[in-house]
Amino acid sequence: MELAQVRLLVTDFAACYRFYADVLGLKPQSGATEGPYEKFSPHVGSAGIALQDRAMMAQVLGELGETATGHRSLVVLRVDDLDAYTTEIVSRGATLVHGPAPMTDRMRVAHLKDPEGNLVELQEWLLLRT
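Residues numbered from 1 in each chain as written. Predicted model: local features only at pLDDT ≥ 70, side-chain atom pairs only at ≥ 80, totals over all residues. Heavy atoms only, no water.

Draft legend 1. Broad picture of unusual backbone geometry. The peptide bond linking G35 to P36 adopts the cis configuration, its omega dihedral lying at 10 degrees. Structurally, P36 can be placed in the loop between strand 2 (27-28) and strand 3 (37-41). Of note, the bond from G99 into P100 is cis; its omega dihedral lies within 30 degrees of zero at 5 degrees. (Helix = DSSP H or I, 4+ residues; strand = E, 2+ residues; numbered from the N terminus.)

Draft legend 2. Representation of the environment of A94. Secondary-structure assignment places A94 in the loop between helix 3 (82-91) and strand 6 (96-104). For the pair A94 and Q5, spaced 89 residues apart in sequence, the C-alpha to C-alpha distance is 23 Å. With sequence-adjacent residues up to four places away left out, A94 is seen in contact with V23, I89 and L112. (Contact = heavy atoms within 4.5 Å.)

Draft legend 3. Region of interest: helix 2 (residues 54-61). When helix 2 is considered as a whole, its buried residues turn out to be R54, M57 and A58. When helix 2 is viewed along its axis, its buried side chains cluster within an angular range of 105 degrees and face the same direction. Summarising the geometry of helix 2, the exposed residues directed more than 90 degrees from the buried face are Q59 and V60. As for helix 2, its buried residues are in contact with strand 1 (6-10) and strand 4 (49-53). N-capping of helix 2 is provided by D53, with a side-chain oxygen placed 3.2 Å from the backbone N of A55. Positive backbone phi, at 75 degrees, marks G62, one or two positions downstream of helix 2. (Buried < 20%, exposed > 50% of the residue type's maximum accessible area, 1.4 Å probe, protein only. Arc of directions from axis to C-beta. Polar contact = N/O pair within 3.5 Å; in protein donor to acceptor, adjacent residues only side chain to side chain.)

Draft legend 4. Structural context of the sheet that holds strand 6. If you walk across this open sheet you meet the four strands as 5-8-7-6, and the pairing is mixed. Of all the strands in the sheet, just strand 5 (74-78) and strand 6 have a single pairing partner and so form its edges. Direction aside, the axes of adjacent strands within the sheet are offset by 20 degrees on average. Packing against the sheet, helix 3 makes contact with strand 6, strand 7 (107-113) and strand 8 (119-125), and its axis sits at approximately 15 degrees to strand 7. (Pairing = 2+ DSSP bridges. Axes fitted to C-alpha atoms, helices over the stretch in contact; angles between N-to-C directions.)

Draft legend 5. View of the pairing of strand 3. Note that strand 2 and strand 3 share two bridges and pair antiparallel. Paired with P28 across the two strands is F40, which belongs to strand 3. Relative to strand 4, strand 3 runs antiparallel, the two sharing four bridges. Paired with K39 across the bridge in strand 4 is A50.

Take it as geometry only, folks, not as evidence of what the structure does.
Printed below as a string of structure tokens:
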């Protein structure tokens, strides 16, 4: 078994697409800016984040039609230099809701939200520093 992706069901597909591609700088697989589906990959590693139009999945399942509320997911991205990356993404429109700050003695984190309110955690693993 292989984990292919984590998929977020979103209402405003275009806004979420711009956030993951233009703000976070993840690479879109096909360029489907209006959806109903797109997978994004970091420059390193094989894990991916995908967006799917919530209304489309509601038609498939016969449920999920309403907008999700509360924190139902947390996307985690590891970066080499948390301060430099957060400065970069803030200049592109991101708004940090926390950090950068220590999480443990092994990690520093910052948190932000995508346009749908999904939490994104940026991690800098201090043990990987040389």
